[in-house]
Amino acid sequence: MTQGPDAQLALTPAAQAIYDTVRDLPIVSPHGHCDPGWFADDAAFPDPASLLIVPDHYVFRMLYSRGVSLTDLGIGVPPEARDGRAIFRLFARHYHLFLGTPSHLWWSHVLHDLFGLSDRLTAENADAVYDRIDAALKTPGFRPRALFDRFGIAWLATTDGALDGLEHHATILESGWAGRVIPTFRPDAVLNPQAPGFAANVEKLGAMTGCDCGSLAGYLDALRARRAAFKAMGATATDHDVPDLHTEWLDRSEAESLFSAALKGRIAKGDAVRLYGHLLIEMAQMSLDDGLVMQLHAGSSRSTNRALLASHGRDMGADIPHRTDWVGGLDALLNRVGNRADLTVIAFTLDESAYARELAPMAGHWPALRLGPPWWFHDSVNGIRRYFDGVVETAGYENLTGFNDDTRAFLSIPARHDLWRRAVSLHLADQVGRGLFGKADALHLARRLSHDLALETYRLGA
Amino acid sequence: MTQGPDAQLALTPAAQAIYDTVRDLPIVSPHGHCDPGWFADDAAFPDPASLLIVPDHYVFRMLYSRGVSLTDLGIGVPPEARDGRAIFRLFARHYHLFLGTPSHLWWSHVLHDLFGLSDRLTAENADAVYDRIDAALKTPGFRPRALFDRFGIAWLATTDGALDGLEHHATILESGWAGRVIPTFRPDAVLNPQAPGFAANVEKLGAMTGCDCGSLAGYLDALRARRAAFKAMGATATDHDVPDLHTEWLDRSEAESLFSAALKGRIAKGDAVRLYGHLLIEMAQMSLDDGLVMQLHAGSSRSTNRALLASHGRDMGADIPHRTDWVGGLDALLNRVGNRADLTVIAFTLDESAYARELAPMAGHWPALRLGPPWWFHDSVNGIRRYFDGVVETAGYENLTGFNDDTRAFLSIPARHDLWRRAVSLHLADQVGRGLFGKADALHLARRLSHDLALETYRLGA
Amino acid sequence: MTQGPDAQLALTPAAQAIYDTVRDLPIVSPHGHCDPGWFADDAAFPDPASLLIVPDHYVFRMLYSRGVSLTDLGIGVPPEARDGRAIFRLFARHYHLFLGTPSHLWWSHVLHDLFGLSDRLTAENADAVYDRIDAALKTPGFRPRALFDRFGIAWLATTDGALDGLEHHATILESGWAGRVIPTFRPDAVLNPQAPGFAANVEKLGAMTGCDCGSLAGYLDALRARRAAFKAMGATATDHDVPDLHTEWLDRSEAESLFSAALKGRIAKGDAVRLYGHLLIEMAQMSLDDGLVMQLHAGSSRSTNRALLASHGRDMGADIPHRTDWVGGLDALLNRVGNRADLTVIAFTLDESAYARELAPMAGHWPALRLGPPWWFHDSVNGIRRYFDGVVETAGYENLTGFNDDTRAFLSIPARHDLWRRAVSLHLADQVGRGLFGKADALHLARRLSHDLALETYRLGA
C-alpha cells in the first residue's frame, strides 16, 4: 500500500471531481524568482541544504524567530564553508515549527513527489532524508531542465534587473532546448531614486544602452531600449517593487529637476517618492507602446531589521507588510492610462483589508486593472480562501489573473501550483454547494484559474 | 416539473426551516433610490435595457472593466437614440462575467420570479429573453403600483434632494393609492460646501423657504423648514453622503465665518470638511427636535475616474471605498448628542475592517448609534456573512437595523430582500448549530432582522 | 436527566475528542484583573449584582447602548446605596441583548457550573436566580480561595500599579495558602507622561523607593527598584497600556529634557508620546536585565465618551479600538532589542486587520516577539477563529502565547478558559480534517495552546 505525503490539503468529493480535471494541466508560471542560470547551465543542484534551506527566507525566518542563529543555518556563509548536513539536521530539529504553515505543505509535497518520502521530517530521520535527497540531486533526472520537463512547466518567467545582460536567457534560447524560460523586466534599481546606488545604476544604464542618461529624455530612451532588449528575449512583463504606493504625474520641468537632483544624490525622501511615482506612470505609458504587462508589488517595508540588514543583507525575512492606500496610490496612474483596455496593470497587495474595500471595486471598474493572486504570506490555504471570499463578489473571476508561484524554490513549484489548484477546487465546489453556479461553470472556472487566465493576462504565446 | 432560478443561495435544512417563517413577510425598504415618479405616474416601464441595464452601475461597470464601451451600453445616450435590443445582446454576451457576484443572483431571481425564465442569459437566448421581458413590461401587471403590491412592499423610502419639491410624493399621497412611498431628506447639495454649485443651491434653498440664507441662522432655519416639509410628506429619516468622515463642533463665530466663505466659494478644502462636519452635528441636533432618523453613508471616494466623470457624469461605477476612521470621525458628533437614547444615528461603512474594531464596540456603547446593514459592495452572500461575523459578538443583534436594499433597480427589490433573508437564515442556523442559542431564538431573530428592526429603527408607522 | 447550560459552544465529534484531553488541565491565567484583596482576605463576595454586574463593563455597556441608565445599574452608586435585587431584575429584563455574544456563553457557564442553573435568565426567574446565587455566595465553598482551588487555577496574575504597595500579595504569601496569586508590574501611571497626575505619581515613586526622581537617572533607578519589588512578590511580567503605539530611542539629553518638561506638566502631546515611546524601550532593556516578560496592550482609545468620563470615571465601556501601525510603532524598540532571544515581548492588538498583515510576519521573524491571544472584544468564538485563521500560517503555533482571560470577573475564569479550549479544539479538528496535520499533532498542540505555552512564555514556575 502506498502512502501519501505527510500533509496535503484534503478535498471533499465535489472538490476532488473538479481537481481531477486540472491537476495535470501544464504549469504556467508568469512571475517568480528562479535563477535562469540553472537552465542555461543545466548543472546539478548543490547539496540539499544549499538548495532547500539557505535561499528560502520563508523557511529560515521561522527558525530565526525561535532563536536559531542564521549563521548556523548557513545564511551569509560561503557555500564552501557550509556544513550541509549540519544545517539540515538543525532544520529538521525545528521542523515542527511549520505545523499549520504552507511551508509544511510544500515540503511534504516535495519530499513525497520528488523523493518518495511520506514520513514527516524529524531529528531522527534527518540524515536518511538528507542522503536520499543528496543522492537524487546527483542523478541526471534531477538536473534543472529534466525537472522543468517533468514538472510540466509550459512557461517560466524569471525576474531580472534592468542592468542584467540576460546572458543566461540568451544561452537558453541558443541552446535549442524547448523549455520556455523568459525574463521579466524589473527596473527598481534604476527607477526608484531611493534604491541603493541609484545614480551609479543609471550611469551603467547609460553605458549599456548608449543613451545619455544625464537627461530625463535620454534616460527614458535608455529604459525603452532595455525593455526592447528584454522583449527580444521573450519578456512579456515588467515588475515593480513599490514600498510606499504613490503615483503622480509631474510636469516636464519638475520631473527633470527631480531627476537631476536624484542623480546628484540630493533628493529629499518625499521628492524621491514623487519622482518614482512619476516614473511608474512613464512605465505604464511605455507598456501601452510595447505591450509589456505591468506588475505592481506594493506595500512591503523592506529589511525592517537593520542589524540583520547590516550583517546579512536583504531578504532575510524582515520584510513586513504595511497598510496600503490603493485608491489614492494609483489615482494618478489610472487617471492617465487606466481607461485603456489594451493596457494590463496587475496589482499585488499584502494588505488583505484592501481586497474587498479597494482592489475588487477598482479591478471591477478600470479596464486596465487586474488583480494579482494572493501574494507571499497569503499564498496559503487560508490566504487563498480569504482572497476569493473578498474579491470575487465585486470583481468577478475574469478580472483575476490566475496564479503566480513567485518562488525561487524551484523544487516547490509543482507543490505550490498543486496547492492553488486544490484550494481553487475547494472554493469552486463550495460555490456550487451554495447554489451560486453549476458544476459546468465550476469546471470552466477551474481551468481558467489554473491555467488560461495566467496565459492570457501575461500575453504568453500571443 | 418546474425549474428553479438559474442560481439561488442554497439553504441547509435547518436554514430552510427558519427561512420558511420569514420569506413572505412584508418588505420594509427604508432606504433606496427608486424614482417616486414611477408611483406617481404609474406609467409602463421603458424597454428592458433602459430599465435593467442602463441605470444600474453594478451591472455596466463590470462590462466596462472588461473593455466594453459605456456608450455601446447606452450610458449617456438619450433614450430615443438607444437600441435596447442591441444593448441587451451586448450585455447577454458578457453575462458570464457575473458568475460569483450578487448581480448574478439578483438577475436569476428577477428572470425567474418575474418573467418565468430558468435558463441562464446567454448570447443565444438574448433575443428571446428580451422579447419576453418587453412583452411583460407592456402589461398592466407590470406597472409600478401593481408590482409594488405584488412584491408585498409595506414601506418604500426614496432618497430626495433638499431642493426637491416632492411633487411626485404629493401626487402619490393625493392619489388615494394605499402604497406607502415616502421621501428621505438628503441635503448633501446644500450641506456639503464641496458639493458642486453649493452657493447656488443654498440660494435656491432660501428662495424655496423664504429664509435669508445669507446668514447661518437663516440657513439653518431654511433647513429646518425643508425637514418639516419632508416630514409632512411622510419622511422619517435623513441621509448623508460623507466622503471623508469628520465631525467637529465650531463655535458660532467660526461657523458663521466659514459659512460665509463657502457661500463666496472661497473656502479651503480643509475648512469645507470642518464646516460640513459642524453642519452634520447641526443635523443631529435637529433630529433630536423633529425625530428624523439620521443616516450616515461614509467612506466612498466619488467619481475617481475623472475622464468618465467629464464624459458621462457621476455614478459611473468609479466610486471606490477607502479606509474610514469611525472613532475619530464621529467623536464630536457623539460627544455632543450620542448619549441621547431618543436620537437614532445609523452608520453605514464600506470599510469592513471597522466592523469588529470600531463600529461594533461603538454601537455596543452609544445609545444613539446603530449599525446599518452591509452596504453596496457588501450586500452579498459573503458580505452579509462577514458582517454578522464581525459585529454580532460585540454589538449583539438589537443594535443592528435589519436590511436596506439601497437600490434604484426596482424590479430587484424582492430578489435583494430574499437574498438577505436566506443569508440571515443560514447565519442563524449556523449559530444554533454552534450551540450559541436555540431554534426559538433563531426564529425570533429572523423576524427581527427581516422585518421588525427596520420598521422600528426607522420609526415607520410610529 | 441532567440539563446542560443554556448555551455552550458545540463541538464536533473530532473536536470533542481533542477537548476531552485538555478540559481538565490546570488553569494558567498569566494576565488578568482580579483583586488580590479577595485572596488576601478570603471574605465572602458581596451580593450578586455587585459581584457580577456592577464591575463588568462587558455587561453594563450593552444595556447602556440600548438606553438603560448606568445609575439604575448601580454604576457610580456606593455599595451601601445599591439595591442589588433591583439591579439584577433590570439586567435580567435585558438579558436577551446578549444573544450571540460571548457574555451569554460566559453567563450560561457560570449559572450552570457554579449555581446549577440551566435555564436562561429572564425577567420571570430573576428573583429566583438572584436568591440562588446570593445564598451560595454566603457559603464557605464560594469564598475566593475555595473557588480558586475548585477552579483548578495553577497560576493567577493580577495587574498592579507601580505605586501599589502589594500588601495583599504579601498577605497571601505570608498566609501559607498554596494558591499562586502573583502581581504584574503595570507602570502606566508613572511611565506615560499623559497619565493623569503623572508628576505627582512620579513624586510618590521617588518617596516609595528613596530615589531622586527629579532626574531621569534617579527615576529609572526607582523603576528598577519597583520592578525588583514586584519580582520579589512573584511577578514574572510587566504590562503596558499604549493608546497610540509609538516607540523611539531618544538621545540622553533629549530624554532628560522631555522628562523634565513632563514633570513640570509642560510637555506637548507629541513629545509626551515620544517620551513614552522612549521609556517603553527602557522597560524592554530592563526586562533584559531582570527577565520580566513585557506585555504591550496597544490601540484602544480610552474613555471616548467624555460626559460619561466626567460623571462615572474610566472603564465605562467607551474604550474603542482604532487602527494600529505595528511595523512603524515597534520599529525602534525591536531594532534595539528585538534580536535578543532571551527577551519576550508580547503584543496584544484590537486591530485584527494587523494579524495577517503585520503581527504574524513580525512574530515569525523577531526572536523577542510573541503574539498575545485575541484580546477583549475578540476573546470570543469568532474572534478566536479569526485569530487562528490570520496568524498561524505565517507565525506558526510556537510564536503564540496560549490564552489570557484578562478578566476582573473572577467567577467567569473557568468559563473563559473553557471557551478557549473548545474553540482551540474546533480549530485543531478543522486543521486535521483539512489534512494539514494529524490527530497526534492536534492533541499536542491542544495542550500547548491550553496550558504549556502560557506557562513557558510567562516563565511561570521557572
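Placed above this text is the structure.
Going along each chain's sequence as written, the residues are numbered from 1 onward. Going through the entries in the order they are written, you letter the chains from A and number the ligands from 1. It should be noted that, the model being predicted, local features are given only for residues of pLDDT at least 70 and side-chain atom pairs only at 80 or more, the latter also being counted only at that level, while totals for whole chains, interfaces and linings use all residues. To obtain the side-chain values, all non-hydrogen atoms of the structure were used and water was disregarded.

Draft legend 1. Layout of the overall build of chain A. In this text, helices come from DSSP runs of H or I with a minimum length of four residues, and strands from runs of E with a minimum of two, each type numbered from the N-terminal end. Helices and strands together make up the secondary structure of chain A, namely 21 helices and 11 strands. Scaling as 2.2 N^0.38, a compact globule of 462 residues should have a C-alpha radius of gyration of about 23 Å, and chain A matches this with 22 Å. When its C-alpha atoms are laid out on the principal axes, chain A stretches across 70 × 60 × 45 Å. The rule is simple: take the accessible area with a 1.4 Å probe, protein chains only, and divide by the maximum for that residue type; under 20% is buried, over 50% is exposed, in between is partly exposed. Within chain A, buried positions represent 65% of all 462 residues. The criterion used for residue contact is that any of the two residues' heavy atoms lie within 4.5 Å. Residue pairs in contact within chain A that sit at least 24 positions apart in sequence constitute 77% of those at least 6 positions apart. The Shrake-Rupley method, run with a 1.4 Å probe, gives the accessible areas here. Residue values count only the displayed protein chains as cover. Accessible surface computed for chain A: about 15400 Å², of which carbon and sulfur atoms make up 51%. When charges are counted, neither His nor the chain ends are considered; positive counts come from Lys and Arg and negative counts from Asp and Glu. Where a charge lies is defined by one atom per residue type, namely NZ (Lys), CZ (Arg), CG (Asp) and CD (Glu). Side chains of chain A carry 44 positive and 56 negative charges; the gap between the two charge centres is 2 Å. Within these notes, the globule rule equals 2.2 Å times the number of residues to the 0.38 power, and the radius of gyration is based on C-alpha atoms.

Draft legend 2. Representation of the interface of chain B and chain C. Between chain B and chain C, the residue contacts involve 39 residues of the former and 43 residues of the latter. Joining two parts hides part of their accessible area as seen by a 1.4 Å probe, and the buried area is that hidden amount summed over both. Interface area for chain B against chain C, summed over the two sides, is near 3300 Å², with a carbon-plus-sulfur share of 48%. For the chain B face of the interface with chain C, the top three residues by lost area are Arg357(B), His365(B) and Glu393(B), together amounting to 23%. For salt bridges, the criterion is a side-chain nitrogen of Lys or Arg within 4 Å of an Asp or Glu carboxyl oxygen. At the junction of chain B with chain C, the criterion picks out five salt bridges.

Draft legend 3. Examining the interface of chain C and chain A more closely. Opposite the 39 residues of chain C that make contact, chain A presents 44 residues. Taken together, both faces of the contact between chain C and chain A bury some 3200 Å²; the carbon and sulfur share is 48%. Of all residues in chain C, the largest losses of buried area upon contact with chain A belong to Arg357(C), His365(C) and Glu393(C), amounting jointly to 23% of the total for that side. Between the two partners, chain C and chain A, sit five salt bridges. Of the charged contacts, one joins Asp441(C) and Arg120(A) as a salt bridge, the two residues approaching to 2.7 Å between their closest N and O atoms. What qualifies as a polar contact is a pair of N or O atoms within 3.5 Å, subject to a donor-acceptor requirement within protein and to the restriction that residues adjacent in sequence count only when both atoms come from side chains. Where chain C meets chain A, there are 22 residue pairs in polar contact (both at pLDDT 80 or more). Looking at the side of chain C that touches chain A, the element that brings in the most residues is helix α18 (residues 353-363) of chain C, giving seven residues. Residues of the side of chain C that touches chain A, tallied by class, amount to 14 nonpolar, 13 polar and 12 charged. Residues are grouped as follows: nonpolar covers Ala, Val, Leu, Ile, Met, Phe, Trp, Tyr, Cys and Pro; charged covers Asp, Glu, Lys and Arg; every other residue, Gly included, is treated as polar.

Draft legend 4. How the structure looks around the environment of Leu73(C). Residues and elements named next belong to chain C. Within the element layout of this structure, Leu 73 appears in the loop between α4 (57-65) and α5 (84-93). Residue Leu 73 is classed as buried on the basis of its relative accessible area of 0%. For Leu 73 and Ala 261, which are 188 residues apart along the polypeptide, the C-alpha to C-alpha distance reads 42 Å.

Draft legend 5. Region of interest: the relation of the copies chain C and chain A. The fit set for superposing copies consists of C-alpha atoms from residues with pLDDT of at least 70 in both; the fit itself is least squares. With an RMSD of 0.0 Å, the operation that places chain C on chain A is a rotation of 120° combined with a shift of 0.0 Å along the axis. What the superposition gives is, in effect, a three-fold axis relating one chain to the other. Of the C-alpha atoms belonging to chain C, the one lying closest to the rotation axis is found on Ser353(C), 3.7 Å away. Different-surface contact between copies: only 8% of interface residues of chain C are shared with the interface of chain A.

Draft legend 6. Focus on the packing of aromatic side chains. All names here are of chain B. Aromatic pairing here means that ring centres of Phe, Tyr or Trp (its six-membered ring) are within 6.5 Å. Orientation follows from the plane angle: under 30 degrees is stacked, over 60 is edge-to-face, and everything else is tilted. Per the counting criterion, the structure on display carries 87 aromatic pairs over all chains. An angle of 70° between the planes, with centres 4.9 Å apart, marks the rings of Phe 148 and Trp 177 as edge-to-face. Separated by 29 residues along the polypeptide, Phe 148 in helix α8 (residues 144-150) and Trp 177 in the loop between α9 (167-175) and β4 (181-182) bring together distant segments of the chain. Pair check on accessibility: Phe 148 and Trp 177 agree, each one buried.

Draft legend 7. The arrangement of the relation of the copies chain B and chain C in detail. Least-squares fitting of chain B to chain C yields an RMSD of 0.0 Å, with the superposition described by an axial translation of 0.0 Å and a rotation of 120°. Interface overlap between copies: only 8% of the residues of chain B at the interface are likewise at the interface in chain C, consistent with a contact formed by different surfaces.

Draft legend 8. A look at the packing of helix α20 (residues 413-433) of chain A against helix α21 (residues 439-457) of chain A. All names here are of chain A. Axis definition: a line fitted to C-alpha atoms, limited for helices to the stretch in contact. Angles are taken between N-to-C directions and run from 0 to 180 degrees. Running from N to C, α20 and α21 point in directions that differ by 155°, and their axes come no closer than 10 Å. The angle between α20 and α21 places the two elements in the roughly antiparallel class. Viewed along their axes, α20 and α21 form a crossing whose handedness is right-handed. Contacts between α20 and α21 involve Trp 420, Arg 421, Val 424, Leu 428 and Val 432 on the former and, on the latter, Lys 439, Ala 442, Leu 445, Ala 446, Leu 449 and Ser 450. Its residues assigned to classes, the contact of α20 with α21 shows eight nonpolar, one polar and two charged. With respect to orientation, any angle under 35 degrees is reported as roughly parallel, any angle over 145 as roughly antiparallel, any angle of 65 to 115 as roughly perpendicular, and every other angle as oblique. Helix crossings fall into two classes, left-handed where the near helix is turned counterclockwise from the far one by less than a right angle and right-handed where it is turned clockwise.

Draft legend 9. The packing of helix α12 (residues 216-232) of chain C against helix α14 (residues 269-290) of chain C, seen in detail. All names here are of chain C. At a minimum axis distance of 11 Å, the contact between α12 and α14 shows a crossing angle of 50°. Of the possible angle classes, the one that applies to α12 and α14 is oblique. Along this stretch, α12 crosses α14, giving a crossing that reads as right-handed. Packed against α12, whose contacting residues are Leu 216, Tyr 219, Leu 220, Leu 223, Arg 224, Arg 227 and Lys 231, the element α14 presents Leu 279, Glu 282, Met 283, Met 286, Ser 287 and Asp 290 at the interface. Split by residue class, the contact of α12 with α14 holds seven nonpolar, one polar and five charged.

Draft legend 10. Expanded view of the sheet that holds strand β1 (residues 27-29) of chain C. Residues and elements named next belong to chain C. By definition, two strands form a pair when at least two bridges between them are found by DSSP. The parallel open sheet is built from three strands, whose spatial order is β1-β2-β4. Whereas interior strands pair on both sides, the edge strands pair on one side only; in this sheet they are β1 and β4 (181-182). Direction of pairing for strand β2 (residues 153-157) relative to β4: parallel, over a ladder of two bridges. Counterpart to Ala 157 in the pairing with β4 is Ile 182. Against the sheet, helix α20 (residues 413-433) makes contact with β1 and β2, and its axis sits at roughly 105° relative to β1, the strand it touches most.

Draft legend 11. Quick look at the sheet that holds β4(B). All names here are of chain B. One open sheet accounts for three strands, arranged β1-β2-β4; its pairing is parallel. The outermost strands of the open sheet, each flanked by one partner alone, are β1 (27-29) and β4. The pairing of β1 with strand β2 (residues 153-157) spans three bridges and is parallel. Residue pairing for β2: Ile 27 is matched across the bridge by Ile 153. Across the sheet, helix α20 (residues 413-433) is in contact with β1 and β2; its angle to β1 comes to roughly 105°.

Draft legend 12. Local environment of the side chain of Ser380(C). Counting through the fold element by element, Ser380(C) comes out in the loop between β11 (369-371) and α19 (381-395). Ser380(C) gets classed as buried once you look at its relative accessible area, which sits at 0%. Within the structure, Ser380(C) has its side chain in polar contact with the side chain of Glu393(B) (distance 2.4 Å). Beyond its immediate chain neighbours, meaning those up to four positions away, Ser380(C) contacts Glu393(B) and Pro102(C).

Draft legend 13. Focus on α20(B). All names here are of chain B. For α20, built from 21 residues, the straight-helix expectation of 30 Å at 1.5 Å per residue is met to within 8% by its first-to-last C-alpha distance of 30 Å. Counting buried positions along α20 gives 17 out of 21 residues, so the element sits mostly inside the fold. A positive backbone phi angle near 85° is found at Gly 435, which sits one or two residues after α20. Multiplying 1.5 Å by the helix residue count minus one yields the expected span of that helix.

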